[in-house]
Amino acid sequence: MKINIQNTTLKITAGLENQFPRDGRPQIIFSGRSNVGKSSLLNALIGRKSLARVSSAPGKTITVNFYDIDGKVYFVDLPGYGYAKRSPAEKEKFKLITDKYLTGGLPDEKRLVIQLIDMKTGPSEDDYMMLDWLDATGTPYFIAATKCDKLNKTDFNDALTELKKLGCDIIPFSALKNTGKDEILAKIFEFIK
């Protein structure tokens, strides 16, 4: 399947389960804590600066956002988890919409999760819970280790060694330097072909 990744539009901003598209297209899901760099990764992959809104304040994505990639695939940006400055009611709302999306797919829907983990801070408790869920459900995934440019060589190697203990594929990524972009795209294209 040939895909022009730059032919991308924001298709649906879903705040309710019945707004999720159910047309059988493969879905590449971007998951991670608030401020881990999901919007920056999305923009880097599609070669645009501001299709996915990047914010200096974490916790801005409060809906499940579906980006139509060339009419063939969806990139799905989930709300970030773990942000403390939201009210408990708001946090519960984000959790519910995310849970409904993750558990409500069609049986034949192809889904790949890109789990983003900040390479400098390492996995959070919420990241471990997400990874446990992905393993338990057999959902295919790999880790994009974001902000890798913020570590010196020794810290980078130490962090990568720790992440490798999770037992899955790890791709270090930097939005600033586009490190890992080609490797992430290769894994996406391999999954959807």
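Below, the structure is looked at part by part. (Residues numbered from 1 in each chain as written. Predicted model: local features only at pLDDT ≥ 70, side-chain atom pairs only at ≥ 80, totals over all residues. Heavy atoms only, no water.)

Within the protein one finds five helices and seven strands. For the protein, the N- to C-terminal ordering of α and β elements is β-β-α-β-β-α-β-α-β-α-β-α. Each of the 193 residues in the protein was classed as buried or not, and the buried ones make up 47%. Look at the contacts in the protein between residues 6 or more apart in sequence, and 73% of them connect residues 24 or more apart. Taken as a whole, the protein presents about 10000 Å² of accessible surface, with 51% of it coming from carbon and sulfur. (Helix = DSSP H or I, 4+ residues; strand = E, 2+ residues; numbered from the N terminus. Buried < 20%, exposed > 50% of the residue type's maximum accessible area, 1.4 Å probe, protein only. Contact = heavy atoms within 4.5 Å. Areas by Shrake-Rupley, 256 points an atom, 1.4 Å probe, with all protein chains shown as cover.)

To continue, consider the side chain of D127. Mapped onto the secondary structure, D127 falls in helix α3 (residues 125-137). For D127, which is buried and forms no salt bridge, the nearest opposite charge comes from R33, at a distance of 5.1 Å. A polar contact is formed between the side chain of D127 and the side chain of Y81, at a distance of 2.4 Å. Ignoring anything within four residues of it in the chain, the contact list for D127 reads R33, Y81, Q115, L116, I117 and G122. (Lys, Arg positive; Asp, Glu negative; His and termini not counted. Salt bridge = Lys/Arg side-chain N within 4 Å of Asp/Glu carboxyl O. Polar contact = N/O pair within 3.5 Å; in protein donor to acceptor, adjacent residues only side chain to side chain.)

Another point: the nonpolar core. Among the nonpolar cores identified, the biggest contains 29 residues, and V64, F66, V76, Y101 and M119 are the most heavily contacted of them. Only β1 (8-14), β3 (64-69), β4 (73-77), α2 (88-103), β5 (111-118), α3, β6 (141-146) and α4 (153-164) provide two or more residues apiece to this core. Beyond its immediate sequence surroundings of up to four residues, V76 is in contact with Q27, I28, I29, F30, V64, N65, F66 and Y101. Among the nonpolar cores identified, the runner-up in size contains 26 residues, and Y67, A144, F173 and I192 belong to it. (Core = buried A, V, L, I, M, F, W, Y, C linked by side-chain atoms within 4.5 Å.)

The end-to-end C-alpha separation of α4 is 16 Å, in line with the 16 Å expected for twelve residues at 1.5 Å each. Looking only at α4, the buried set comprises A159, L160 and L163. Down the axis of α4, the buried set is contained in an arc of 100°. They therefore lie on one face. The exposed set on the far side of α4, more than 90 degrees from its buried face, consists of T154 and K164. Close packing links the buried residues of α4 with β5, β6 and β7 (170-172). The distance from a side-chain oxygen at the start of α4 to the backbone nitrogen of T154 is 3.2 Å, and the residue carrying that oxygen is N152. (Expected span 1.5 Å × (residues − 1). Arc of directions from axis to C-beta.)

So, on to the sheet that holds β6. The sheet built from seven strands is open, its strands ordered β1-β3-β4-β2-β5-β6-β7 with mixed pairing. Edge positions in the sheet fall to β1 and β7, since each of these pairs with one other strand and no more. For this sheet, the mean angle separating the axes of adjacent strands, direction not counted, is 25°. Lying on the sheet, helix α1 (residues 38-46) is in contact with β1, β2 (27-31), β3, β4, β5 and β6; it crosses β4 at an angle near 155°. α4 rests against β5, β6 and β7 of the sheet, and its axis sits at about 160° to β7. (Pairing = 2+ DSSP bridges. Axes fitted to C-alpha atoms, helices over the stretch in contact; angles between N-to-C directions.)

With that out of the way, let us pick up the pairing of β3. For β3, the buried fraction is high: six of the six residues fall into the buried class. Side chains of β3 alternate between two faces, with V64, F66 and D68 and N65, Y67 and I69 buried alike. The pairing of β1 with β3 spans six bridges and is antiparallel. Directly across from T9, in β3, lies its bridge partner D68. Where β3 lies against β4, five bridges are found, and the strand directions are antiparallel.

Keep in mind these values describe shape, not function.
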